[in-house]
Amino acid sequence: MEFLNALVSLSNFMLIPALAYGSQLALGALGITLIYSILRFAHFAHGDTMALGTAAVIGGTFALQSAGVSIAPLPTALLAVPIGVVAMVLYLLAADRLVYRYYRRVRAKPMIFVMASLGVMFVTNGITRLFMGVGETRFEDGARFVFSVRDFRAFTGLSEGLALRNAQAITIVTALIVMVALFWFLNRTRAGKSMRAYSDNEDLALLSGINPERVVTITWVITGTLLVLAGTLYGLDKGFRAFNYFQLLLPMFAAAILGGLGNPLGAIVGAYVVAFAEMGVTFAWRRVASYLLPDGIEPSGMVQLLPVDYKFAVTFMILVIVLLFRPTGIFKGKVL
């Protein structure tokens, strides 16, 4: 019984939140991987474009709520996701036409693209803050829990409770569906095979008659969709604050690099490794340990390796270790 209570406590405060967080990172890291594979540069504006897309979803959510539109018990934001996707895709295509397309034409070095993406990042950040400000915005509505701690205790009879929030369940299910759909698209459709061919060998793909601009457009469309989904799910789970999305840039890049930059499967695996590492190192193990250790030797402290404020330090350490000892990542990258 004590072991079950320990497992429930661990699941409630670490495993389920880490699984949801990892799913959000995975969607963002997949976008980074696609851009790196197809366009061959590190997109440093990724976090801020995610924030802008989420801001568009929030605007659509508030408009729908004002009109009395709802899909309770699910959050209204799910209805506004297409609005955010359209806005994000148009914004990314405009940025590509105004900024990145020129550097592709002159075959600029990847570092030039990175610097250009930094400029796009600052512009995007300014636009987001102009409309959303710097404070926190909550836009979650509908039912809060799939089941609550009280329901779980009543059903199981355990002293420890477990709750599954709607946002967490939606995140996990949505991420799974999107990942399966993306792999199906890349492996089964003509457009997906064109993207893979372009990623493997650009010159040979051009000789085969593949239209590079079409491939680039499809890449931005998919990336914009992934960004909006990841940002919306993160916002439903933790609230919207523009700076928090900028901070997500580090764990998303760490996930992509850890898995193998350019490898979609690696991005997914890396995202969950980063999420569980962050949550595990900053988790207070006292409650779990009190169930597992004999009476009389329960820990008096939090049994926490690092405070929660240092979770990004964990990600940075993972990134440094990977770059030093296995720069190709868990899976060797640059393949779709």
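Details of the structure are given in the entry above.
J.: Now, about the overall build of the protein chain: what can you tell me, with residues and values included?
T.: Summing up its helical and strand segments, the protein chain has 14 helices and two strands in all. Over its C-alpha atoms the protein chain spans a radius of gyration of 21 Å, differing by no more than 12% from the 20 Å that the globule rule assigns to 336 residues. Overall, the C-alpha framework of the protein chain stretches about 70 × 55 × 40 Å when taken along its three principal axes. Partitioning the intrachain contacts of the protein chain with sequence separation of at least 6 by distance along the chain shows that 76% fall at a separation of at least 24. Of the accessible surface of the protein chain, which amounts to about 15800 Å², a share of 68% is contributed by carbon and sulfur atoms. Side chains of the protein chain carry 26 positive and 17 negative charges; the gap between the two charge centres is 11 Å.

J.: Go over the environment of R326 with me, naming the residues and quoting the values.
T.: You can see R326 is positioned in the segment after α14 (311–325). By relative accessible area, R326 is classed as partly exposed at 42%. Spatially, the C-alpha atom of R326 lies 35 Å from that of S9, the residues being 317 residues apart in sequence.

J.: How would you summarise the side chain of T137 if you had to cite specific residues and measurements?
T.: By secondary structure assignment, the location of T137 is in the loop between α4 (110–132) and β1 (145–147). The exposure class of T137 is buried, given its relative accessible area of 14%.

J.: How would you explain the packing of helix α2 (residues 46–66) against helix α9 (residues 212–238) if you had to name every residue and give the values?
T.: Across the interface, α2 lies against α9 with an axial gap of 8 Å and an inter-helix angle of 70 degrees. Here α2 lies roughly perpendicular to α9, going by the angle between them. For the pair α2 and α9, the contacting residues are H46, T49, M50, G53, T54 and V57 in the first and T223, L227, V228, A230, G231 and T232 in the second. Classifying every residue of the contact of α2 with α9 by side-chain character gives five nonpolar, seven polar and no charged.

J.: Give a description of unusual backbone geometry that names residues and reports values.
T.: Cis geometry is adopted by the peptide bond preceding P73, which originates at A72 and carries an omega value of 15 degrees. Looking at the secondary structure, you find P73 in the loop between α2 and α3 (77–105). The phi dihedral of R40 is positive, around 65 degrees, even though this residue is not glycine. Along the chain, R40 turns up in the loop between α1 (2–38) and α2. Despite not being glycine, R107 shows a phi value in the positive range, around 55 degrees. Within the fold, R107 resides in the loop between α3 and α4. Given a relative accessible area of 58%, R107 falls into the exposed group.

J.: If you had to explain the nonpolar core to someone new, which residues and values would you point to?
T.: Core analysis: the biggest nonpolar cluster contains 84 residues, and L25, L27, Y100, M195, W220 and L248 have the highest contact counts within it. Counting residues per element, this core draws most heavily on α9, at 13 residues.

J.: Could you give an account of the side chain of H43, naming the residues involved and the relevant values?
T.: In this structure, H43 sits in the loop between α1 and α2. In contact with H43, not counting residues within four places along its chain, are I35, T49, L92, Y100, S117, W220, L249 and F253.

J.: Let's hear about the environment of Y310: which residues, and what values?
T.: Considering the arrangement of structural elements, one finds Y310 in the loop between α13 (286–292) and α14. Y310 sits 29 residues away from V281 along the chain, and the two C-alpha atoms are 9.3 Å apart.

J.: With reference to specific residues and values, describe the packing of aromatic side chains.
T.: Applying the stated criterion across every chain, the model contains eleven aromatic pairs. A ring pair is formed by F240 and Y245, whose centres lie 5.2 Å apart and whose planes are at 40 degrees; its orientation type is tilted. When sorted by exposure, F240 lands in the same class as Y245, which is buried. Members of the aromatic cluster, joined through ring pairs, are F41, Y100, Y102, Y103, F113 and W220. Here the basic side chain of K311 rests over the ring of Y21, its NZ or CZ set 5.4 Å away from the ring centre.

J.: Go over the pattern of salt bridges with me, naming the residues and quoting the values.
T.: Under the counting rule described, the total for this entry stands at eleven salt bridges. Taking the shortest distance from any N to any O, the salt bridge between R40 and E202 comes out at 3.8 Å. On the criterion of sequence distance, the pair formed by R40 in the loop between α1 and α2 and E202 in helix α8 (residues 202–207) is long-range, its members being 162 residues apart. Look at the salt bridges and you will find they share partners, linking D96, R97, R101, R104 and E213 into a network.

J.: Give me the lowdown on the environment of Q65, citing residues and values where you can.
T.: Tracing the sequence through the fold places Q65 in helix α2. Using a relative accessible area of 31% as the deciding quantity, one classes Q65 as partly exposed. Taking C-alpha positions, Q65 is 29 Å from V123, a pair spaced 58 residues apart along the chain.

J.: Any details on α1? Residues and values, ideally.
T.: Look at α1: 51 Å from first C-alpha to last across 37 residues, which is about the 54 Å you get at 1.5 Å a residue. The largest bend along α1 reaches roughly 50 degrees and is located at S11. In terms of burial, α1 is largely enclosed, as 29 of its 37 residues are buried. R40 occupies a position one or two residues after α1 and carries a positive phi of about 65 degrees.

Reading guide: rules and limits
- Residues numbered from 1 in each chain as written.
- Predicted model: local features only at pLDDT ≥ 70, side-chain atom pairs only at ≥ 80, totals over all residues.
- Heavy atoms only, no water.
- Helix = DSSP H or I, 4+ residues; strand = E, 2+ residues; numbered from the N terminus.
- Rg over C-alpha atoms; globule rule 2.2 N^0.38 Å.
- Contact = heavy atoms within 4.5 Å.
- Areas by Shrake-Rupley, 256 points an atom, 1.4 Å probe, with all protein chains shown as cover.
- Lys, Arg positive; Asp, Glu negative; His and termini not counted.
- Charge placed at Lys NZ, Arg CZ, Asp CG, Glu CD.
- Buried < 20%, exposed > 50% of the residue type's maximum accessible area, 1.4 Å probe, protein only.
- Axes fitted to C-alpha atoms, helices over the stretch in contact; angles between N-to-C directions.
- Parallel < 35°, antiparallel > 145°, perpendicular 65-115°, else oblique.
- Nonpolar A, V, L, I, M, F, W, Y, C, P; charged D, E, K, R; others polar.
- Core = buried A, V, L, I, M, F, W, Y, C linked by side-chain atoms within 4.5 Å.
- Phe/Tyr/Trp six-rings, centres within 6.5 Å; stacked < 30°, edge-to-face > 60°.
- Lys NZ or Arg CZ within 6 Å of the ring centre and 35° of its normal.
- Salt bridge = Lys/Arg side-chain N within 4 Å of Asp/Glu carboxyl O.
- Expected span 1.5 Å × (residues − 1).
- Bend = angle between axes of the 7 residues up to and from the residue.

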